[in-house]
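Structure assessment
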Number of protein chains: 2
Amino acid sequence: MAPETQAGPGGTAAALPLPPMTWDAWGDPALAKPLSDDIKGLLAAALGVSPADGTRPTADEVVLRPSALGPEDVAALAAVVGPEHVSTADADRLPRSGGKSTPDLLRRRSRDPQDAPDAVVLPGSEEEIAALLALCAERRIAVVPFGGGTSVVGGLDPLRGPLTAVLSLDLRRFDRLEHLDAVSGEAVLGAGVTGPRAEELLSAHGFELGHYPQSFRFATVGGFAATRSSGQDSAGYGRFDEMVRGLRVVTPAGTLDLGRAPASAAGPDLRELFLGSEGVFGVITAVRLRVHPVPAVKIHEAWSFPDFATGATALREVEQQGTGPTVIRLSDESETMINLAMTEKIGGEQVTGGCLAVTVFEGTEEQAEARHERTRAVLLAAGGTPLGAEPARAWEHGRFNAPYLRDALLDAGALCETLETATDWANLGRLKSAATEALQGALTASGTASLVLCHISHVYPTGASLYFTVVAAQQGEPLAQWAQVKRAVSDAIMANGGTITHHHAVGADHRPWMGAEVGEVGVRILRAVKDALDPAGILNPGKLIP
Amino acid sequence: MAPETQAGPGGTAAALPLPPMTWDAWGDPALAKPLSDDIKGLLAAALGVSPADGTRPTADEVVLRPSALGPEDVAALAAVVGPEHVSTADADRLPRSGGKSTPDLLRRRSRDPQDAPDAVVLPGSEEEIAALLALCAERRIAVVPFGGGTSVVGGLDPLRGPLTAVLSLDLRRFDRLEHLDAVSGEAVLGAGVTGPRAEELLSAHGFELGHYPQSFRFATVGGFAATRSSGQDSAGYGRFDEMVRGLRVVTPAGTLDLGRAPASAAGPDLRELFLGSEGVFGVITAVRLRVHPVPAVKIHEAWSFPDFATGATALREVEQQGTGPTVIRLSDESETMINLAMTEKIGGEQVTGGCLAVTVFEGTEEQAEARHERTRAVLLAAGGTPLGAEPARAWEHGRFNAPYLRDALLDAGALCETLETATDWANLGRLKSAATEALQGALTASGTASLVLCHISHVYPTGASLYFTVVAAQQGEPLAQWAQVKRAVSDAIMANGGTITHHHAVGADHRPWMGAEVGEVGVRILRAVKDALDPAGILNPGKLIP
């Protein structure tokens, strides 16, 4: 079958399996959660939010920029991956035209012509990827690797750079558990395996990965590696990069198989160049990961602290003493208050303001209990009040759902976005104040009151992350409004000792701050590696490297 | 004062402070430990070792290749660092003419002209290092960064590559605790701070680093970082690279200050390019390190296992269950037997062959006891027999002294060297057998019986290190004899899934295996970074990068 028959340029029928997320909102439309009238009233009263005018376009109504690829290009792609694995149909291009940041979602609501990849390919082997990269270098076509489509930093923007077209390279066919070594506790998973599928494949053998970022239900193993993802259980199981024992990467210059040993002194650790490489150096096809037995027991306990500083000190003590929680997180006063207001009932416990902390302990019964007891002693000594299991269970129950709330807020005319950073413990208060002030200041300047919520979700012996959620009223052109706010808060983060991103990655959105993050010589290193591996510059142009 | 007056080319008086180690043996001559006649008899009987003929040259008798630098070069160097910080005197060059591998020590015993750096400089600031690098690029002089001088892989070989001369850049003046953040548990230490000095500076504030490689007494913070060192307490405190929060590096292309946050998703982790960079990309000047409170309590316990496989499984269980020992190590049957034979008395406990394991637990009293109890339960269940504290204390007492024994063995006409690798738990037995067979086979071929001892000294959830000690008789030209053995065992390590080095680094000696370690594309990446940062190729030529 000729490829143009199946999915010719400009065609609209989907010829390929679709990404796991809906095209114009977070995740699964069935889980969408409209706001109650009470909440809408509250948003109007507190922030002056007024309903957005007009209705959102349906997928059929969206106008996509036509594909720049001709039948001859498509035939060449089909010759590599097979005609059934390439498409230029709008219905295949649209859901791969970006990620899920608030700007992405605002763009999806536009009735103006939208940008999109010129074609989608689904390679089935490393050899096909190598051949695709060679073909794209020859034909000057950019390549955007695509996993679960959950980027919130513009990592999937269909940018061409100076090239003539851009391809979405969807890794969904790299979907296998290639190897499990139960003795060493290692699994090799294909880059296209999603979070839930990874846990399903591993649990059949009694193992799990324990990586639960908010994007867990949709994001992929390759994406976790390419973005240095960090999950909500990072206190117990580490960041994703800490789980990675090895990587296979196809680059235009050849294929890499990195990570010979659990640890080595054989020069620089090159795995660390591809962790966080966001598709600009190569296409990650498989990841060798540390896995652990599925825990037998889970213990939940929530805590209240009188204020954020006291709670943060308590979390620091827990981490520096190594008492072993699987999850430990702390909401600031505003986030605690709002979560209470938005939740009908949190188990009847005496949550009376202050700051809510959540702890979870996993392992064998003995391990979980010992970890719980040790942590409990530290939190009590640090001024915490135990609130029982229920609020911690409630957090866990809804742990992946916050982005659905953002969809509903955008529908209601609010501006809602999240961002995150990290710093040393000694600098945490200063950075939190500076980022909050920058957010509030920029939103005030745009003409709206705002709500800035914050929590610590990842702790390290020397510091912690800060995760901010911002809610305000859309004013004027909301894309431009947010761009200004984002600029202000990013500048404040860099000026106050934070990193531009703790776990969302760089993409196109944080790229302007990469020079400040790694310095001029750091940028030169990234460019040198890029030039060596991808001399034609086809891999994800406009991302990561300034 | 003109520099040539103070330390002119060919002059012999030491003009500079000397490195911490003696020039022709390990460490401090006062700690040298000659072999007893019994041991000498045993070596003769078991391995056919016969005393080496002739006496070792004294420092005065050593003939060094004359310095290739003229007075004008020396004046230019002196203009950067001050005349009191540059020398071409033999007495300054000789102790910086290499490291402390067995080949290094054999070379030091030669009465033929020896290679050495053409000059030694002691810069006092990053600005001076930057100026030195610029000067050396202009004058085509290679630069070997020098810390404690403890390399055992040829990392300090005074190689010129295609350049005209080579400089030893001694970092001893970078000797300060620059900053201590007691809240975050972070310290910034100068690259020239030695292990004992680091602990002294930190303990004044109640903190320690807990990094105790065998080279601890002499090696420096910069060297630990540049070689991915791993200490004997790595089970508790991690490898050195895991302690590093940030690095400052002066390169010919500019200065880097890496590590903004405890964790980040802002692209590749560039710190990991300089950890293990062995001076080929830049000169590390300061390291920001995670530190912890000086432990209040230390608990020792030794164990016996019936065989190595049972003991290895026990160590694996401990590490995978995370029971928290600070030190855990296991000697194989041969090493256990030899250590018993060489030790007059190990506390009267019932050590009766099998495999000796050592455990140490540190922390508060509560932490140390809990870690001990949890670990004890696992080791008992895995078939271990507790031997009490004494054999573990004896190990700790002599933990840094094995290299002195090597000196004595070389003096007695034996060939003695160590090497190490790491692999996954599931592959540990295969790799140990293959490396042992390769060592024994090559030594047999060289005409001597041999003793191959092995221990596990570093454990990870997914695997462990293997550290081999080899003793045989010197045959023919011992440098050539060892080169052949080293080649055979390195090939066997690579063919059987090991890494070419777990914590000794690459230097000149492991460089031929770097292609197999990181692959052709990996080598291309290293070269690209090198070209970007050091286009003149002055930094440590002939090391690390093939």
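None of these values were measured; they are calculated from a predicted model.

In terms of helices and strands, chain A carries 19 helices and 19 strands. Against the compact-globule benchmark of 24 Å for 546 residues, chain A has a radius of gyration of 23 Å, which places it among compact chains. Taken along its principal axes, the extent of the C-alpha atoms in chain A is 70 × 60 × 45 Å. Buried residues in chain A amount to 61% of all 546 residues. Across chain A, contacts joining residues at least 24 apart in sequence account for 78% of those joining residues at least 6 apart. Carbon and sulfur atoms form 53% of the exposed surface of chain A, whose accessible area is close to 18,700 Å².

Where burial is concerned, most of strand β13 (residues 327-331) of chain B is hidden: five out of the five residues are buried. Side-chain alternation along β13(B) places V327(B), R329(B) and S331(B) on one buried face and I328(B) and L330(B) on a second face that is also buried.

Now for the relation of the copies chain A and chain B. Rotating chain A by 180 degrees and translating it 0.0 Å along the rotation axis places it on chain B, where the RMSD comes to 0.0 Å. Accordingly, the operation relating the two chain copies is best matched by a two-fold axis. Most of the interface of chain A is mirrored in chain B, where 100% of its interface residues again form contacts.

The next subject is the pairing of strand β19 (residues 463-473) of chain B. Residue and element names in this part refer to chain B. The buried fraction of β19 amounts to 11 of the 11 residues, a majority that puts the element mostly inside the structure. One ladder, built from 11 bridges, connects strand β16 (residues 414-424) with β19; its direction is antiparallel. Across the sheet, T418 pairs through a bridge with T469, a residue of β19. Of the strand pairs in this sheet, strand β17 (residues 450-456) and β19 are connected by six bridges, and their pairing is antiparallel. Residue pairing for β19: C454 is matched across the bridge by F468.

The next subject is the packing of helix α17 (residues 428-445) of chain B against helix α18 (residues 478-495) of chain B. Residue and element names in this part refer to chain B. The contact between α17 and α18 brings their axes to 8 Å, and the two run at 155 degrees. Comparing the axis directions of α17 and α18 gives the class roughly antiparallel. Every pair of crossing elements has a handedness; the one defined by α17 and α18 is right-handed. On the side of α17, the interface is formed by R430, L431, A434, A435, A438, L439, A442 and L443, while α18 contributes Q481, W482, V485, A488, V489, A492, I493 and A495. For the contact of α17 with α18, the class distribution of residues is 14 nonpolar, one polar and one charged.

In the structure shown here, the tally under the stated rule is 12 aromatic pairs over all chains. Ring geometry for W26(B) versus F218(B): centroids 6.1 Å apart, planes at 90 degrees, classification edge-to-face. Of the two residues, W26(B) sits in the loop between α1 (3-7) and α2 (37-47) while F218(B) sits in the loop between β7 (207-208) and α8 (221-226), which places them 192 residues apart along the sequence. For the pair shown, W26(B) and F218(B) are each scored as buried. Members of the aromatic cluster, each reached through a chain of ring pairs, are Y212(A), F216(A) and F400(A). Between K432(A) and the ring centre of F308(A), over which it is positioned, the NZ or CZ distance is 4.6 Å.

Take unusual backbone geometry next. All names here are of chain A. Its identity as a non-glycine residue notwithstanding, A505 has a phi of 80 degrees, on the positive side. Given a relative accessible area of 1%, A505 falls into the buried group. With phi around 45 degrees, N540 is a residue other than glycine that occupies positive phi space. With respect to the secondary-structure elements, N540 resides in the segment after α19 (514-533). Assessed through its relative accessible area of 3%, N540 is described here as buried.

Turning next to the sheet that holds strand β5 (residues 177-181) of chain B. Residue and element names in this part refer to chain B. Pairing is antiparallel in the open sheet, where five strands are placed in the order β5-β6-β10-β8-β9. This sheet does not close on itself; its edge strands, each paired only once, are β5 and β9 (254-258). Averaged over all adjacent pairs, the angle separating strand axes in this sheet is 10 degrees, with direction ignored. In the sheet, strand β8 (residues 244-251) pairs with strand β10 (residues 283-290) via six bridges, with the strands oriented antiparallel. What sits directly across from V244, in β10, is L289. Sheet contacts for helix α6 (residues 126-139): β8, β9 and β10; angle to β8, the most-contacted strand, approximately 45 degrees.

Two pairing modes exist for strands in a sheet, parallel and antiparallel, and in both the strands are linked by backbone hydrogen bonds. All names here are of chain B. Spatial ordering of the open sheet is given by β1-β2-β4-β3, a layout of four strands whose pairing is mixed. Looking along the sheet, the strands with just one partner apiece sit at the ends: β1 (86-87) and β3 (141-146). Pairing between β1 and strand β2 (residues 119-121): two bridges, direction antiparallel. Along β2, the bridge assignment pairs V86 with V121. Sheet strands in contact with α6 are β2, β3 and β4 (165-170), and its direction is about 145 degrees off that of β3.

Often, the extent of an interface is quoted as the loss of accessible area upon association of its parts. Contacts between the two partners involve 78 residues from chain A, matched on the other side by 78 residues from chain B. Interface area, chain A with chain B, both sides summed: about 5,500 Å², of which 62% is carbon and sulfur. The tally of links from chain A across to chain B stands at two salt bridges. For D424(B), the salt bridge is made with R245(A), and the minimal N-O distance between the two is 2.7 Å. Linking chain A with chain B are 34 residue pairs in polar contact (both at pLDDT 80 or more). In terms of residue class, the side of chain A that touches chain B is built from 37 nonpolar, 24 polar and 17 charged.

With that out of the way, let us pick up helix α6 (residues 126-139) of chain A. Residue and element names in this part refer to chain A. Spanning 14 residues, α6 covers 20 Å between terminal C-alpha atoms, matching the ideal 20 Å at 1.5 Å per step. The set of residues buried in α6 consists of E126, E128, I129, L132, L133, L135 and C136. Looking one or two residues beyond α6, the residue adopting positive phi is R140, at roughly 60 degrees.

Tracing the chain through its elements places E199(B) in helix α7 (residues 195-203). Setting aside chain neighbours within four positions, we find E199(B) in contact with F207(B), E208(B), L209(B), G210(B), H211(B), Y212(B) and F216(B).

Before going further, it helps to examine the pattern of salt bridges. Using the criterion set out here, one finds 66 salt bridges over all chains in the structure. A salt bridge links D104(B) to R107(B); its shortest N-O distance comes to 3.1 Å. Here D104(B) pairs with R107(B), and both are found in helix α5 (residues 102-108), just three residues apart, close to one helical turn. Residue R107(B) is classed as partly exposed on the basis of its relative accessible area, which comes to 33%. Note that E396(B) and R399(B) form a salt bridge whose closest N and O atoms lie 3.8 Å from each other. What makes E396(B) buried here is its relative accessible area of 17%. Residue R399(B) is classed as buried on the basis of its relative accessible area of 7%. Several salt bridges converge on common partners, so that one network encompasses D233(A), K298(A), E362(A), E396(A) and R399(A).

Residue and element names in this part refer to chain A. On the secondary structure map, A134 appears in helix α6. Relative accessible area serves as the criterion here: at 47%, A134 is assigned to the partly exposed category. Each C-alpha atom, one on A134 and one on G195, is 30 Å from the other, the two residues being 61 residues apart in sequence.

Disulfides are covalent bonds that connect the sulfur atoms of two cysteines. Residue and element names in this part refer to chain B. Within this structure, the stated rule accounts for zero disulfides over all chains. Free cysteine: C355, not disulfide-bonded; nearest cysteine sulfur from C454 at 9.8 Å. For C355, a relative accessible area of 0% corresponds to the buried category.

All names here are of chain A. On average, residues of chain A score 94 in pLDDT, and 96% of them reach the 70 mark or higher. Contacts for the low-pLDDT stretch residues 1-10, under 50 throughout, to residues beyond four places or in other chains number 24 contacts. Model confidence for the complex: the whole-complex pTM is 0.96, and ipTM, which rates the interface, is 0.95.

All right, on to a negative patch on the surface then. On the surface, E365(A), E366(A), E369(A) and E373(A) cluster together to form a negatively charged patch. In this fold, E373(A) is placed in helix α14 (residues 365-381).

Residue and element names in this part refer to chain A. Tracing the backbone through its elements, the reader meets T336 in helix α13 (residues 333-342). Among the polar contacts made by the side chain of T336, one reaches the main-chain carbonyl oxygen of D332 at a distance of 2.8 Å. Contact partners of T336, with chain neighbours within four places excluded, come to S331, G353, G354, C355 and L356.

Thresholds, definitions, all that
- Note on numbering: residues in each chain are counted from 1, in written sequence order.
- To label them, take the chains in the order written and letter them from A, then take the ligands in the order written and number them from 1.
- With the structure being a predicted model, the display of local features is reserved for residues of pLDDT at least 70 and the display and counting of side-chain atom pairs for 80 or more, all residues being used for whole-chain, interface and lining totals.
- Side-chain numbers come from the whole structure's heavy atoms, not from hydrogens or water.
- Strands are runs of DSSP state E lasting at least two residues, helices are runs of H or I lasting at least four, and both sets are numbered from the N terminus onward.
- We compute the radius of gyration over the C-alpha atoms and compare it with the globule rule, which gives 2.2 Å times the number of residues raised to the power 0.38.
- Remark: exposure states derive from per-residue accessible area (1.4 Å probe, protein chains only) relative to the maximum for the residue type, with buried under 20%, exposed over 50%, and partly exposed in between.
- When checking whether two residues touch, look at their non-hydrogen atoms; a contact exists if any pair is within 4.5 Å.
- Note on areas: Shrake-Rupley, 1.4 Å probe, and residue coverage restricted to the protein chains presented here.
- Our superposition of the copies is a least-squares fit, built on the C-alpha atoms of residues whose pLDDT is at least 70 in both.
- Following DSSP output, two strands are said to pair if at least two bridges run between them.
- Helix axes are fitted to C-alpha atoms over the stretch in contact, other axes to C-alpha atoms as well, and angles between N-to-C directions run from 0 to 180 degrees.
- Note that the term roughly parallel is reserved for angles under 35 degrees, roughly antiparallel for angles over 145, roughly perpendicular for angles of 65 to 115, and oblique for everything else.
- Take the far helix as the reference: if the near one is turned anticlockwise from it by less than a right angle, the crossing is left-handed, and if turned clockwise, right-handed.
- By the convention adopted, Pro, Cys, Tyr, Trp, Phe, Met, Ile, Leu, Val and Ala count as nonpolar, Lys, Arg, Asp and Glu as charged, and the other residues, Gly among them, as polar.
- Aromatic pairs are defined between Phe, Tyr and Trp rings, using the six-membered ring for Trp, whenever the two ring centres lie within 6.5 Å; interplanar angles under 30 degrees are classed as stacked, those over 60 as edge-to-face, and all others as tilted.
- Charge-over-ring contacts are defined here by two conditions on Lys NZ or Arg CZ: a distance within 6 Å of the ring centre and an angle within 35 degrees of the ring normal.
- Buried area: the accessible surface (1.4 Å probe) lost by two parts on joining, summed over both.
- Counted as salt bridges are all cases of a side-chain nitrogen of Lys or Arg within 4 Å of a carboxyl oxygen of Asp or Glu.
- We call two N or O atoms a polar contact when they sit within 3.5 Å, provided that within protein one can donate a hydrogen and the other can accept it, with sequence-adjacent residues counted only if both atoms are side-chain atoms.
- Here the expected span of a helix is defined as 1.5 Å times the quantity of residues minus one.
- Two cysteine sulfurs form what is called a disulfide whenever their separation falls within 2.5 Å.
- For every residue, the pLDDT score states the predictor's confidence, bounded by 0 at the bottom and 100 at the top.
- Surface patches are defined over residues having more than 30% relative accessible area and no salt bridge, joining like charges when they lie within 9 Å and nonpolar side chains (Val, Leu, Ile, Met, Phe, Trp, Tyr) when within 5 Å.
- Two residue types count as positive, namely Lys and Arg, and two as negative, namely Asp and Glu; His and chain ends fall outside the count.
- By convention, the point assigned to a charge is CZ for Arg, NZ for Lys, CD for Glu and CG for Asp.

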